[in-house]
Amino acid sequence: MKIITLHTDTDLNQLYLLLHEKLNPLFQEQRKSELNFTIERKGEAVEISLPAVYEGALFSIAINGNELWITRNEHYVDDVNSLTVESILNDLFSKIADNLGTDLVQEG
(Lines give C-alpha, C1' and ligand atoms only; values in the text may rest on other atoms or scores of the structure.)
Protein backbone atom coordinates (compact mmCIF):
# COMPACT_ATOMS: atom_id res chain seq x y z
CA MET A 1 0.00 0.00 0.00
CA LYS A 2 1.12 3.51 -0.80
CA ILE A 3 -0.02 6.36 1.44
CA ILE A 4 0.14 9.94 0.19
CA THR A 5 -0.65 12.97 2.34
CA LEU A 6 -2.37 15.75 0.39
CA HIS A 7 -2.24 18.48 3.08
CA THR A 8 -5.73 19.49 1.99
CA ASP A 9 -9.18 17.99 2.31
CA THR A 10 -10.78 16.12 -0.53
CA ASP A 11 -13.62 13.67 -0.69
CA LEU A 12 -14.37 10.52 -2.62
CA ASN A 13 -16.75 12.28 -5.01
CA GLN A 14 -14.13 14.91 -5.92
CA LEU A 15 -11.53 12.20 -6.45
CA TYR A 16 -13.90 10.11 -8.56
CA LEU A 17 -14.90 13.08 -10.74
CA LEU A 18 -11.28 14.15 -11.23
CA LEU A 19 -10.18 10.66 -12.26
CA HIS A 20 -13.25 10.12 -14.43
CA GLU A 21 -12.59 13.38 -16.28
CA LYS A 22 -8.79 13.34 -16.57
CA LEU A 23 -7.31 9.84 -16.40
CA ASN A 24 -8.25 8.43 -19.80
CA PRO A 25 -7.44 11.54 -21.88
CA LEU A 26 -4.06 11.94 -20.14
CA PHE A 27 -3.29 8.24 -20.55
CA GLN A 28 -4.23 8.27 -24.24
CA GLU A 29 -2.08 11.34 -24.82
CA GLN A 30 0.96 9.90 -23.04
CA ARG A 31 0.77 6.35 -24.42
CA LYS A 32 -0.74 7.15 -27.82
CA SER A 33 -3.27 4.44 -27.07
CA GLU A 34 -7.03 4.10 -27.31
CA LEU A 35 -7.33 2.11 -24.05
CA ASN A 36 -10.10 3.34 -21.76
CA PHE A 37 -9.86 2.54 -18.08
CA THR A 38 -12.97 1.97 -16.02
CA ILE A 39 -13.20 4.27 -13.01
CA GLU A 40 -15.80 3.22 -10.44
CA ARG A 41 -16.81 3.99 -6.90
CA LYS A 42 -16.73 0.75 -4.95
CA GLY A 43 -17.85 1.28 -1.38
CA GLU A 44 -15.42 3.73 0.22
CA ALA A 45 -12.88 3.59 -2.61
CA VAL A 46 -12.39 4.50 -6.24
CA GLU A 47 -11.16 1.63 -8.39
CA ILE A 48 -9.34 1.86 -11.70
CA SER A 49 -9.53 -1.18 -13.93
CA LEU A 50 -9.30 -2.35 -17.53
CA PRO A 51 -11.35 -5.56 -17.59
CA ALA A 52 -10.56 -6.38 -21.23
CA VAL A 53 -6.84 -6.57 -20.42
CA TYR A 54 -6.35 -7.10 -16.68
CA GLU A 55 -8.00 -9.27 -14.08
CA GLY A 56 -9.23 -7.20 -11.16
CA ALA A 57 -8.62 -3.57 -10.34
CA LEU A 58 -5.22 -2.07 -11.13
CA PHE A 59 -5.62 0.54 -8.39
CA SER A 60 -7.94 1.07 -5.48
CA ILE A 61 -7.82 4.48 -3.79
CA ALA A 62 -9.44 5.25 -0.44
CA ILE A 63 -9.41 8.50 1.51
CA ASN A 64 -8.50 8.60 5.19
CA GLY A 65 -8.58 12.22 6.38
CA ASN A 66 -6.09 14.05 4.20
CA GLU A 67 -4.35 10.84 3.15
CA LEU A 68 -4.89 8.76 0.05
CA TRP A 69 -4.48 5.04 0.63
CA ILE A 70 -3.55 3.48 -2.69
CA THR A 71 -3.51 -0.26 -3.25
CA ARG A 72 -1.92 -1.42 -6.48
CA ASN A 73 -2.53 -4.82 -8.04
CA GLU A 74 0.67 -6.76 -7.31
CA HIS A 75 0.42 -8.76 -10.54
CA TYR A 76 0.98 -5.72 -12.76
CA VAL A 77 3.57 -3.61 -10.93
CA ASP A 78 6.03 -3.70 -13.87
CA ASP A 79 3.38 -3.30 -16.56
CA VAL A 80 3.90 -0.18 -18.70
CA ASN A 81 0.20 0.75 -18.63
CA SER A 82 0.06 0.44 -14.85
CA LEU A 83 3.24 2.51 -14.48
CA THR A 84 1.80 5.19 -16.77
CA VAL A 85 -1.42 5.32 -14.75
CA GLU A 86 0.59 5.63 -11.53
CA SER A 87 2.58 8.53 -12.97
CA ILE A 88 -0.62 10.29 -14.03
CA LEU A 89 -2.15 9.71 -10.59
CA ASN A 90 0.89 11.27 -8.90
CA ASP A 91 0.57 14.35 -11.12
CA LEU A 92 -3.17 14.64 -10.45
CA PHE A 93 -2.67 14.26 -6.69
CA SER A 94 -0.11 17.08 -6.80
CA LYS A 95 -2.68 19.27 -8.53
CA ILE A 96 -5.29 18.47 -5.85
CA ALA A 97 -2.80 19.56 -3.18
CA ASP A 98 -2.05 22.77 -5.14
CA ASN A 99 0.88 24.69 -3.62
CA LEU A 100 0.78 22.62 -0.41
CA GLY A 101 2.45 19.65 -2.09
CA THR A 102 2.16 15.97 -1.25
CA ASP A 103 4.16 13.66 0.98
CA LEU A 104 4.77 9.98 0.47
CA VAL A 105 4.11 8.54 3.92
CA GLN A 106 4.53 4.86 3.13
CA GLU A 107 5.17 2.64 0.18
CA GLY A 108 5.35 -1.07 0.31
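Look up a bit, the structure's there.
The model shown is predicted, which means the values in this text are computed figures rather than measured ones. (Residues numbered from 1 in each chain as written. Predicted model: local features only at pLDDT ≥ 70, side-chain atom pairs only at ≥ 80, totals over all residues. Heavy atoms only, no water.)

Undergrad: Just checking my understanding: could you explain the pairing of strand S5 (residues 67-72) for this structure?
TA: A regular strand places its side chains so that they alternate between the two faces of the sheet. Here strand S1 (residues 2-5) runs beside S5; their pairing, made up of four bridges, is antiparallel. Paired with Ile 4 across the two strands is Leu 68, which belongs to S5. The sheet contact formed by strand S4 (residues 57-64) and S5 spans six bridges and is antiparallel. Paired with Ile 61 across the two strands is Ile 70, which belongs to S5. If you look at the hairpin formed by S4 and S5, you'll find two residues sitting between the two strands, and Gly 65 has a positive phi there, around 70°. (Pairing = 2+ DSSP bridges. Helix = DSSP H or I, 4+ residues; strand = E, 2+ residues; numbered from the N terminus.)

Undergrad: For this particular structure, what's the right way to read the pairing of strand S3 (residues 45-49)?
TA: The element S3 is largely enclosed, with a buried count of four among its five residues. Where strand S2 (residues 38-42) meets S3, five bridges bridge the pair, whose relative direction is antiparallel. Paired with Arg 41 across the two strands is Val 46, which belongs to S3. Hairpin connection between S2 and S3: a loop of two residues separates the two successive antiparallel strands, and Gly 43 in this loop has a positive phi of roughly 65°. (Buried < 20%, exposed > 50% of the residue type's maximum accessible area, 1.4 Å probe, protein only.)

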